[in-house]
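# Structural characterization, general
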Amino acid sequence: MTAYAYYPGCSLESSAKEYDSSIRASFKKLGIELKEIPDWSCCGSSPTHKVDKDMTVMLSGRNLALAKGIGDVVAPCASCSLNLKEAVIELEHDSSLRGALKEAGVEYMPGSVSVVSAVEAATRALDEGAYDGVVANPLTGLKVASYYGCMLVRPPKLARFDDPENPTSMDRIMEAVGAAPVDWSHKTECCGNSAIMANRDMTLNLISNILNAATAAGADIVATSCPLCQLNLAARQTLMRQKYGLKAEIPVVYFSQLVGAALGITGSDIDLSGEVLGLIKKRQSEAQAKEVAANG
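Let me begin by describing the structure that accompanies this report. The structure presented is a predicted model; accordingly, all values stated were derived computationally and were not measured.

### Section: the sheet that holds strand S4 (residues 115-117)
- With parallel pairing, the four strands of this open sheet are ordered in space as S2-S1-S3-S4. Of all the strands in the sheet, just strand S2 (32-36) and S4 have a single pairing partner and so form its edges. Across this sheet, the average inter-strand angle for adjacent strands is 40°, counted without regard to direction.
- Sheet strands in contact with helix H1 (residues 17-29) are strand S1 (2-6) and S2, and its direction is about 135° off that of S2.
- Across the sheet, helix H4 (residues 78-93) is in contact with strand S3 (73-75) and S4; its angle to S4 comes to roughly 160°.

Dropping the structure here:
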C-alpha cells in the first residue's frame, strides 16, 4: 500500500468537506494510505503570498517539517499544493529560512519530503494499476469536462506535473473509471480565483465563458480538483444565466467524487447530489440500451 502524509488544508475542513471525504474514501479503495499531518496549520493560501513571501514559505515549511518521517505530502487543494511545492524549493536553498523555522521549534531537512497534488497521487496510482479490478460502477456514457484551472499544472517550474497548456491526467482518470472525457478549450482558463470578492462582473463573465465552453463540447458535468474553482464554477449559475450569458446550468463536482462513485462508494463519503447521481444512472442506462440495440 502506498502511503502519503496528508495535508487537507483549511478548505477541506469547511467549504469543501465533500472533497476531503471523497479523497479519503476513494484513495483507501485504491490502496493509498493517507496519514494526516499532526497539528498542521494554514499554508497562507493566496492572500499571504501577496503580502509576505517569506511568511508563506515559513507557514508551509512548518507543515513540511511536521510531515518528516511520514512520507511524501499529498495536498488536494491546488493552491495549497502549489504553496507547499514552492516552500520545498525555497527551503532547499535558503538556510536563513530553515534557521528561522528551527528557532520557531521545527526543523526542515533538505531532501526530506516532496509534495504532490491529489490528482498527481491518483495518476500515479493509475500508472501502477490501482484501478484494475476495483471499478464496480463504471460511469459509462457520462461526458466529463476535466477542469484543471490555472494552478494545478502552472507555473510549470513549481507544479512540475503534466502539460501546462494541455494537461490530460484528470482525463485519464475519468477514462479509467468508465467516463468519457470531452476535448474542450477552457480546461486551464482562470476562473478568477478570489477576484470574485473584488470584481464580481469580471469574474462571473470569466466563469460563464468556461461553463459555456464545457457545454458546447457536449459535457454533462465538470470535474475539478480545486475548492475555490469548484465554488466559483458551481455557485451563482442562475445569476449567470440572467446577467452574464451563461447558456445552461451544469453540475460541477470534485474529480474524487466521481472516482468514488465509480468505485462503488455511496452516501456521505462522496456526498453527490441526487441530481448528479440521477444523471450518472441515466447515462449508464442510455449506454446499456445503445449496446443492446447494437448487438441486435
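Further notes follow.
### Here's the deal with unusual backbone geometry
- With an omega of -5°, the peptide bond between Arg154 and Pro155 qualifies as cis.
- Phi at Asp162 takes a positive value of approximately 60°, unusual for a residue other than glycine.
- Within the secondary structure, Asp162 is located in the loop between helix H7 (156-159) and helix H8 (169-176).
- Residues other than glycine seldom take positive phi values, yet Asp271 does so here, at roughly 50°.

### Overview of the pairing of S2
- Judged from the five bridges that link them, S1 and S2 form a sheet pairing that is parallel. Opposite Tyr4, over in S2, you have Leu34 as the bridge partner.
- What joins S1 to S2 is H1, and the crossover it makes is right-handed.

Rules used throughout
- Residues numbered from 1 in each chain as written.
- Predicted model: local features only at pLDDT ≥ 70, side-chain atom pairs only at ≥ 80, totals over all residues.
- Heavy atoms only, no water.
- Pairing = 2+ DSSP bridges.
- Helix = DSSP H or I, 4+ residues; strand = E, 2+ residues; numbered from the N terminus.
- Axes fitted to C-alpha atoms, helices over the stretch in contact; angles between N-to-C directions.
- Contact = heavy atoms within 4.5 Å.
- Right-handed = clockwise from strand over helix to strand, strands pointing away.

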